[in-house]
Amino acid sequence: MAITRGVSIALIASSVALASCGGLNPFSRGGGGTASAGAEQGIGVNSFLWRASLDTLSFMPLITADPWGGVINYDWHTPAASPGERFKATVFILDTRLRADALNVTVTREVRNEAGQWIAQPVNPQTETDLENAILTRARQLNLAHAG
């Protein structure tokens with residue numbers, strides 16, 4: 001599992017690195033013009049939101065990450081403080097611009113019953129909003145650091 005995660009992260013990192021190499025990228029969208037801030041060639045979504053999502057949810061195991069489609073899937077995470085519940089998350093980055101409506105986070109929650117089975121439970125909508133706000137805050141920090 002750790003090897004798969006490491007390989008996934010290496011592939012993503014190399015894709016992002018190659019995307020910034022210039023106009024010869026076969027995966028880039030559009031002509032050889034300049035990319036808007038945060039929308040590097042070869043990545044279909046805002047790069048600051050992308051990086052901020054990976055940073056903010058780095059405590060969760062990564063399953064898949066698609067920088068062209070803007071979807072990041074995380075596997076189950078069980079908080080140390082509550083071993084009887086677990087969470088899973090998916091991040092959708094919907095735009096190349098750094099905007100609040102360019103981000104959507106969904107969280108799934110399960111609780112273990114007395115028989116040891118995981119049972120789906122509702123998630124407080126504020127949890128998803130808080131994660132979105134944390135990602136947006138981090139993305140803005142990355143944007144400011146990049147501009148300065």
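Above this note sits the structure.
As the structure is a prediction and not an experimental result, all values here were calculated from the model. (Residues numbered from 1 in each chain as written. Predicted model: local features only at pLDDT ≥ 70, side-chain atom pairs only at ≥ 80, totals over all residues. Heavy atoms only, no water.)

A. Representation of helix α3 (residues 125-147) within the structure. Between the first and last C-alpha of α3 there are 33 Å, a value that for 23 residues agrees with the 33 Å anticipated at 1.5 Å per step. Packed against the buried residues of α3 are α2 (47-56), β3 (85-93) and β4 (103-112). (Helix = DSSP H or I, 4+ residues; strand = E, 2+ residues; numbered from the N terminus. Expected span 1.5 Å × (residues − 1). Contact = heavy atoms within 4.5 Å.)

B. Here's a closer look at the packing of aromatic side chains. Tallied over the entire structure, the rule returns zero aromatic pairs. Its guanidinium or amino end placed over the ring of W76, R86 lies 4.2 Å from that ring's centre, counting from NZ or CZ. (Phe/Tyr/Trp six-rings, centres within 6.5 Å; stacked < 30°, edge-to-face > 60°. Lys NZ or Arg CZ within 6 Å of the ring centre and 35° of its normal.)

C. Region of interest: the sheet that holds strand β2 (residues 71-74). Taking strand neighbours across the sheet as the criterion, the five strands line up as β1-β2-β3-β4-β5 in an open arrangement whose pairing is antiparallel. Looking along the sheet, the strands with just one partner apiece sit at the ends: β1 (62-66) and β5 (118-121). The mean angle between the axes of side-by-side strands here comes to 15 degrees, regardless of whether they run parallel or antiparallel. Relative to β4, β3 runs antiparallel, the two being bridged by nine bridges. By the bridge assignment, T90 is partnered in β4 with T106. Contacts from α2 reach β1, β2, β3 and β4, with the element oriented near 5 degrees to β2. Here α3 sits on the sheet in contact with β3 and β4, set at roughly 135 degrees to β4. (Pairing = 2+ DSSP bridges. Axes fitted to C-alpha atoms, helices over the stretch in contact; angles between N-to-C directions.)

D. Just the environment of A102, in detail. Considering the arrangement of structural elements, one finds A102 in the loop between β3 and β4. Setting aside residues no more than four positions away along its own chain, A102 makes contact with L49, F92, I93, L94, D95 and R97.

E. Region of interest: the side chain of R86. Its place among the elements puts R86 in strand β3. With relative accessibility at 18%, the residue R86 sits in the buried group. Here the side chain of R86 touches E110 through a polar contact of 2.6 Å, side chain to side chain. (Buried < 20%, exposed > 50% of the residue type's maximum accessible area, 1.4 Å probe, protein only. Polar contact = N/O pair within 3.5 Å; in protein donor to acceptor, adjacent residues only side chain to side chain.)

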